[in-house]
Amino acid sequence: MQQWDQLWIDVNIATMDPQRTNSYGAIENGAIAVKDGKIAWVGERINLPCFDALSTPIYKGHDHWITPGLIDAHTHLVFAGNRANEFEQRLNGASYEDIARQGGGIISTVKACRHADEAELFELGRQRLNALAREGVTTVEIKSGYGLNLDTELKLLRVARELGKHHHIDVQTTFLGAHAIPPEFNTILDGANQYVEHVVNDMLPAIIDAELADAVDVFCENIAFDLKQTEQVLIAAKLAGLNIKLHAEQLSNLGGSKMAAKLGAKSVDHIEYIDEAGVKALSENDTCAVLLPGAFYFLRETQTPPIDLLRKHNVPMVVASDFNPGSSPICSTLLMLNLACTLFRLTPEEALKGMTFNAAKALGIEHSVGSIEIGKQADFCLWGIKTPAELAYGYGVNPCQQVVKSGQIIAMGK
C-alpha cells in the first residue's frame, strides 16, 4: 500500500512531459500523488495504486486543469524607480535608442538602483514576486545589470538571492554587468573595452566568490556591446563554470546568437532580427530561443521573431515577461501567454510549453521542474479552466485556484 503525503484527484493534467506525444501531454481524469515534496505518481485515476486513504490528504479538482508551475525565465525584477517619463517621450516620437543615447534608458534606472538600499529593493522585489505568484509562477530568473559597478551589482544579486530564501518562488540569478556602458566609462578613451575588462577581471570574480550568480548574460547590440566584447565576457563566465546566455538580435542582427550558441549558451533572448544561420546554430547547439512579447508590445516594435524558422529547425521556444522598468514594465506571465499567441502567432500549447518545460531548459533546471513527471519537484497549479488554451485566450480574470510548491499549498484563489 502506497504512503503519500498528498493526493490530487478529479483533475485533468497538462503534464507538458516531452515524452508524451499527445497535446499538452494531457492526462484526463487524472491524479497526482506527492511524497517528500516530489511527484510520486501521476496517471489516470482509474490506474491509481492502493494507498492509505485514511492518512492521506485528498484534494479534488472538480474536473479543472493542473499544469506545471509557471517559470518566468527572463526578468530584471530587482530595480528601483520607474521610467514613465520615457514612456511618454516615446509616445511623442523618441525611439528607445534616442533615449538611451541621451543618458536615459538603462542608465536612468542605474542611478536609482545605486541610491536605493537593500531593504527598499527587497520590498519592491517581494511585491513583484507576489504578483507573479498569484499567476502561478513557481520559479523566476532575476538579472542584475542596473548597477554597472561592483558594489551595486553585488547589492542587486544579494537582494535577488535573499528573495529566493524568503519567498516560496525559487529564484535563479544572472549577472548582467555588461548591460550598458556606465557613465563613468563613457567619458574616458576606449571606455567600452575598459569596462568589459573591469567586468571580466574584477566584477565577475567577486560575484563568483560571493556565490551570487547561476549564469552570466550580456546585452549584445549596437547601443551596448559588440561581438568581440560579448564573447570576452561569455568565455570568462563559461571558464568559471557558470551558465551563459545572451540578449541578442533585438534591434539589429550582429550575429550574437550564432556566436553564443556555439559557446554553449543556454538561451538567446529577444532575437527579432535573427537570420536562418543563427537559428540553425541554436538548433545544432540545443540553445533555447527566449521570446519576449512584452518588450515587443511595449516598444511598439514591428519585426517579429522568425517563428516559422524556429519551428522548422526545432528550436525550443521560451516565453518570458522581460519584466523591467524600461521596455517591459509588465509583471504578468498570463498576459505574456496571450501576447505570444496574438503577436507572435504561437499556439496556446507552444506558449504554455514556453513557460514550463522549455523555460526550465533555458535555465538548465529541466531535470527537476517544468513538467509533471515522477521524481520531479511537486510544483504545479490548479486552474479553474475547461481547456489549457484558456490560459492564453483571455486576460483580466485570474483563473489560478491553487499553487503547489514542493508539495505544499502556498496560494489559493478565492
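Keep in mind that what you see is a predicted model, and the values were worked out from it rather than measured. Along each chain, residues carry numbers from 1 onward, in the same order as the chain's sequence is written. Residue-level local features of this predicted model are given only where pLDDT is at least 70; pairs of side-chain atoms are given and counted only at 80 or more, and the full residue set underlies all totals for whole chains, interfaces and linings. Side-chain measures here rest on the full set of heavy atoms in the structure, leaving out hydrogens and waters.

K.L.:
Let's hear about the domain arrangement of the chain: which residues, and what values?
P.N.:
The source of the domain bounds is an automatic or database domain assignment. Segmenting the chain into domains produces domain 1 (6-68 + 372-410) and domain 2 (70-363). Using C-alpha coordinates to define each centre, domain 1 is positioned 31 Å away from domain 2. Whether two residues are in contact is decided by their heavy atoms: any pair within 4.5 Å suffices. Listed by partner, the interface residues are 25 residues for domain 1 and 21 residues for domain 2. Once two parts are joined, some of their accessible surface, as seen by a 1.4 Å probe, is lost; buried area is that loss totalled over both. Roughly 1,900 Å² of surface becomes buried between domain 1 and domain 2 when both sides are summed, with 67% attributable to carbon and sulfur atoms. By convention in these notes, a salt bridge is any Lys or Arg side-chain nitrogen within 4 Å of a carboxyl oxygen on Asp or Glu. Inspection of the region where domain 1 meets domain 2 yields one salt bridge. As a salt-bridge pair, K405 and D170 come within 2.7 Å of each other at their nearest N and O atoms. For the side of domain 1 that touches domain 2, the secondary structure elements donating two or more residues are strand 4 (58-68), strand 13 (380-383), helix 16 (390-393) and strand 14 (400-405). Take the side of domain 1 that touches domain 2: its biggest share by element is four residues, from strand 14. Split by residue class, the side of domain 1 that touches domain 2 holds 17 nonpolar, five polar and three charged. Helix and strand assignments follow DSSP, with helices taken as H or I runs no shorter than four residues and strands as E runs no shorter than two, numbered in order from the N terminus. For this classification, the nonpolar set comprises Ala, Val, Leu, Ile, Met, Phe, Trp, Tyr, Cys and Pro, the charged set comprises Asp, Glu, Lys and Arg, and every other residue, Gly included, is treated as polar.

K.L.:
Kindly report on the UniProt feature "binding site: Fe(3+)" (unreviewed entry) in the chain, identifying the contributing residues and their values.
P.N.:
UniProt positions are given in the numbering used here, feature names are shortened, and annotations may be inferred rather than shown by experiment. The positions that UniProt labels "binding site: Fe(3+)" (unreviewed entry) are, in the present scheme, H74, H76, H247 and D322. Their sequence span is 249 residues, while the largest C-alpha to C-alpha distance among them is just 12.3 Å; these annotated residues converge on one region. Structurally, the position occupied by H74 is in the loop between strand 5 (70-72) and helix 1 (84-91). Note on H74: relative accessible area 0%, which makes it buried. Leave out the neighbours within four places in its chain, and H74 touches E141, K143, H247, D269, V290, L292, A320, S321, D322 and F323. Tracing the sequence through the fold places H247 in strand 9 (residues 243-248). The cut-offs for exposure are 20% and 50% of the maximum accessible area for each residue type, with area from a 1.4 Å probe on protein chains only; residues under the lower value are buried, those over the upper are exposed, and the others partly exposed. Using a relative accessible area of 4% as the deciding quantity, one classes H247 as buried. In this structure H247 touches H74, H76, K143, L176, D217, V218, F219, C220, D269 and H270, once residues within four positions along its chain are discounted. For this analysis, a polar contact is any N or O atom pair within 3.5 Å, provided that within protein one partner can donate a hydrogen and the other can accept it, and provided that sequence-adjacent residues contribute only side-chain to side-chain pairs. A polar contact of 3.5 Å, which involves the side chain of H247, links it to the side chain of H76.

K.L.:
Just give me the short version of the pattern of salt bridges, but keep the residues and values in it.
P.N.:
A complete count under the given rule lists 18 salt bridges for this structure. In this structure, E123 and R126 form a salt bridge, with 2.6 Å as the shortest nitrogen-oxygen distance. With E123 and R126 both in helix 4 (residues 118-134) and three residues apart, this pair spans about one turn of that helix. The salt bridge partner of E141 is K245, with a shortest N-O separation of 3.7 Å. A residue pair is termed long-range when its members are at least 10 positions apart, and E141 in strand 6 (residues 137-143) and K245 in strand 9 qualify at 104 residues.

K.L.:
Hey, could you go over the side chain of T173 for me, with residue numbers and the actual values?
P.N.:
Looking at the element boundaries, T173 is found in strand 7 (residues 170-178). For T173, a relative accessible area of 0% translates into the label buried. A polar contact is formed between the side chain of T173 and the side chain of R161, at a distance of 3.0 Å. Within the local environment of T173, its side chain forms a polar contact with the backbone oxygen of L212, the two atoms lying 2.7 Å apart. Sequence-distant contacts of T173, defined by excluding residues within four places in its chain, comprise I142, L157, A160, R161, L212, A213, D214 and A215.

K.L.:
Provide a residue-level description of unusual backbone geometry, including the pertinent values.
P.N.:
A positive phi is found at D190, a non-glycine position, where the angle reads about 60 degrees. Mapped onto the fold, D190 is located in the loop between helix 6 (183-186) and helix 7 (191-209). Residue D322 is not a glycine yet carries a positive backbone phi of 55 degrees. Along the polypeptide, D322 turns up in the loop between strand 12 (317-319) and helix 13 (333-342). What makes D322 buried here is its relative accessible area of 2%.

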